[in-house]
Amino acid sequence: ENIEENCNDKNPDPKLLNLLEIIQKHFEKTDKPILVFARYLSTIDAAVKFIDSELGENLEGIGIYKGGGDISVKFKSLSNYQKKTKDNVKEYLNKGMIDILFCTTAAQEGVNLQAASAMVNIDVPWIPSDLEQRIGRIARLGQEADEVTIFNLWYPNSYEGKIYKKLLERKDLLE
């Protein structure tokens, strides 16, 4: 299901409500950044819009890492997102200038994001190796957090839920 189709300002998607709760609880425990992954641009856009409207004024910075060099950051002191480079985003994340980095699959390979200590997958990839690639962005050498937390969101009574269950079974087989 597409988050963009399921939500509006008065009735946010359940995944976005869960995302908000996870982010709030995360920042009650730590000031380490959190990564949010989704496959679809429309899902990332909906998540950014919702979280920015709910928490934006309390965050130092929000980053968005999409494919094709579409990378931008908004800081507390700025009202608009500004285009940045991959290296800028990594630097801002390492310096604690970005609290949340929203990522598409473009960021699941070749980007070291271990300054973050938690990750939320709004949609879980159907291929186990893709999920491992995402997790590998933060669960890697150089990670300073004692614990890395991964959250996977899905609609339980849906086709997505069935696929997620199969994914976990396949992942267990691979391990």
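In the block above lies the structure referred to throughout.
Read on for an overview of the structure. These figures come from a predicted structure and were not determined experimentally. (Residues numbered from 1 in each chain as written. Predicted model: local features only at pLDDT ≥ 70, side-chain atom pairs only at ≥ 80, totals over all residues. Heavy atoms only, no water.)

**A word on the packing of helix H2 (residues 14-29) against helix H3 (residues 41-55)**
So the rule is basically this: Angular values range over 0 to 180 degrees, each being the angle between N-to-C directions of two axes fitted as lines to C-alpha atoms, with helices fitted over their stretch in contact. Helix numbering and strand numbering both begin at the N terminus, where a helix is a DSSP run of H or I of at least 4 residues and a strand a DSSP run of E of at least 2. Working definition: roughly parallel below 35 degrees, roughly antiparallel above 145 degrees, roughly perpendicular at 65 to 115 degrees, and oblique for all remaining angles. Crossings are classed by handedness, with left-handed meaning an anticlockwise turn of the near helix from the far one by less than a right angle and right-handed meaning a clockwise turn. We call two residues contacting when some pair of their heavy atoms lies within 4.5 Å. For this classification, the nonpolar set comprises Ala, Val, Leu, Ile, Met, Phe, Trp, Tyr, Cys and Pro, the charged set comprises Asp, Glu, Lys and Arg, and every other residue, Gly included, is treated as polar.
Between H2 and H3, the shortest axis-to-axis distance is 10 Å and the interhelical angle comes to 50°. Viewed along their axes, H2 and H3 adopt a mutual orientation that is oblique. The chirality of how H2 crosses H3 is right-handed. Mapping the contact onto sequence places Leu16, Leu17, Leu19, Leu20, Ile23 and Gln24 in H2 and Ala46, Ala47, Phe50, Ile51, Glu54 and Leu55 in H3. Looking at the contact of H2 with H3 residue by residue, the classes come out as 10 nonpolar, 1 polar and 1 charged.

**Some details on the environment of threonine 43**
Position of threonine 43 relative to the elements: it lies in helix H3. Taking C-alpha positions, threonine 43 is 9.7 Å from leucine 16, a pair spaced 27 residues apart along the chain.

**Remarks on the nonpolar core**
Soluble globular proteins tend to bury their nonpolar side chains together. Going by this rule: Here, nonpolar core refers to any group of buried Ala, Val, Leu, Ile, Met, Phe, Trp, Tyr and Cys residues whose side-chain atoms link them within 4.5 Å. Exposure is judged per residue with a 1.4 Å probe applied to protein chains only, and the accessible area is read against the type maximum: over 50% gives exposed, under 20% gives buried, and values in between give partly exposed.
Formed by 24 residues in total, the largest nonpolar core has its most connected members in Leu35, Tyr65, Leu93, Ile98, Leu101, Cys103 and Leu113. Of all the elements in the fold, those that place two or more residues in this core are strand E1 (34-37), strand E3 (71-75), helix H4 (86-94), strand E5 (100-103), helix H5 (128-135) and helix H6 (159-174). Residues within four places of cysteine 103 in sequence aside, it is in contact with Val36, Phe37, Ala38, Ile44, Tyr65 and Leu113. Leu16, Leu19, Ile34 and Ile100 belong to the second largest nonpolar core, which has 23 residues in total.

**Quick word on H4**
Spelled out, the test is: Throughout, the arc means the angular range of directions from the helix axis out to the C-beta atoms.
All buried positions along H4 are accounted for by Val89, Tyr92 and Leu93. Buried residues of H4, seen end-on, are gathered within an arc of 100° and therefore sit on one face of the element. Opposite its buried face, H4 presents the exposed residues Asp87 and Asn94, each directed more than 90 degrees away. Where H4 is buried, its residues touch E1, E3 and E5. Just past H4, the residue glycine 96 takes up positive phi, approximately 75°.

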